[in-house]
Amino acid sequence: MKLIKNYLIGISTFIILVLLLLFIVSIVFAYTKIEDRFIDSGIFLSMAISAFFSSFILCKMVKKKGLIHGVVINMICVLILFIISSILNGGVSITNTLGIYLAICSLSGIIGGILGVNV
């Protein structure tokens, strides 16, 4: 039961961070002359930072198996974002971008999870 609570805290951290960072990215792109082709980079960076910190916080609480918990929590988070995106777009769209999100979040989650256990 405590593990589920820890996962919910980690998922909440991910969602809050990704919303906050995407808001900041949107403000930056709206009020600067940065070209629109860099929007994907801002989104990927927001996802990576959110994945890192959510897995770091989760594994700091769990204190074991940082690699596994880091990957699992971020797979759940990407799945949640995928479901929300599918609902808002009116259909399921599996593209290369989804694979990139999974890879970025998994790698960031692994690093955050390992550091969360060992720091």
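Residues numbered from 1 in each chain as written. Predicted model: local features only at pLDDT ≥ 70, side-chain atom pairs only at ≥ 80, totals over all residues. Heavy atoms only, no water.

Participant: Tell me about the pattern of salt bridges, and please be specific about residues and values.
Facilitator: Enumeration over the complete set of coordinates arrives at 1 salt bridge. For Glu-35, the salt bridge goes to Arg-37, with nearest N and O atoms at 2.7 Å. Residue Glu-35 is classed as partly exposed on the basis of its relative accessible area, which comes to 44%. (Salt bridge = Lys/Arg side-chain N within 4 Å of Asp/Glu carboxyl O. Buried < 20%, exposed > 50% of the residue type's maximum accessible area, 1.4 Å probe, protein only.)

Participant: Outline unusual backbone geometry, supporting the account with residue identities and numerical values.
Facilitator: A positive phi angle, close to 70 degrees, is found at Lys-63, a residue other than glycine. With respect to the helices and strands, Lys-63 occurs in the loop between α2 (39–62) and α3 (66–89). Located in the positive-phi region is Lys-65, a residue other than glycine, with phi close to 50 degrees. Residue placement: Lys-65 occurs in the loop between α2 and α3. Assessed through its relative accessible area of 56%, Lys-65 is described here as exposed. (Helix = DSSP H or I, 4+ residues; strand = E, 2+ residues; numbered from the N terminus.)

Participant: Give a description of the packing of aromatic side chains that names residues and reports values.
Facilitator: Each aromatic ring pair is summarised here by two numbers: the centre-to-centre distance and the angle between the ring planes. Following the criterion strictly, the structure yields 3 aromatic pairs and no others. Considering the side-chain rings of Phe-52 and Phe-53, the 5.1 Å spacing of their centres and the 85 degrees angle between planes classify their relative orientation as edge-to-face. Among the residues examined, Phe-52 registers a relative accessible area of 22% and is labelled partly exposed. Pairwise contacts between aromatic rings join Phe-52, Phe-53 and Phe-56 into one cluster. (Phe/Tyr/Trp six-rings, centres within 6.5 Å; stacked < 30°, edge-to-face > 60°.)

Participant: Give a detailed account of the packing of α3 against helix α4 (residues 96–118), specifying residues and quantitative values.
Facilitator: Their axes nearest at 7 Å, the elements α3 and α4 cross at an angle of 145 degrees. Relative to α4, α3 is oriented so that their crossing is right-handed. Contacts between α3 and α4 involve Gly-66, Leu-67, Gly-70, Val-71, Asn-74, Met-75, Val-78 and Phe-82 from the former and Leu-98, Tyr-101, Leu-102, Cys-105, Ser-106, Gly-109, Ile-110, Gly-113, Ile-114 and Val-117 from the latter. Its residues assigned to classes, the contact of α3 with α4 comprises 12 nonpolar, 6 polar and no charged. (Axes fitted to C-alpha atoms, helices over the stretch in contact; angles between N-to-C directions. Left-handed = near helix turned anticlockwise from the far one by under 90°. Contact = heavy atoms within 4.5 Å. Nonpolar A, V, L, I, M, F, W, Y, C, P; charged D, E, K, R; others polar.)

Participant: Account for the layout of surface pockets, with residues named and values stated.
Facilitator: A volume near 450 Å³ is recorded for the largest pocket. Forming the walls of the largest pocket are 21 residues, and the residues nearest its centre are Met-47, Leu-81, Phe-82, Ser-85 and Tyr-101. Here the lining of the largest pocket takes 9 residues from α3, the largest share from any one element. Looking at the lining of the largest pocket residue by residue, the class counts come to 14 nonpolar, 7 polar and no charged. (1 Å grid on protein atoms, 1.4 Å probe; cavity = no way out; pocket = protein on both sides within 12 Å on 5 of 7 lines; lining within 4 Å. Points joined across faces, edges and corners; volume = space filled by probe spheres on them.)

Participant: Describe the environment of Val-28, with residues and values.
Facilitator: You can see Val-28 is positioned in helix α1 (residues 2–31). Sequence separation of Val-28 and Gly-42 is 14 residues, and the distance between their C-alpha atoms is 9.6 Å.

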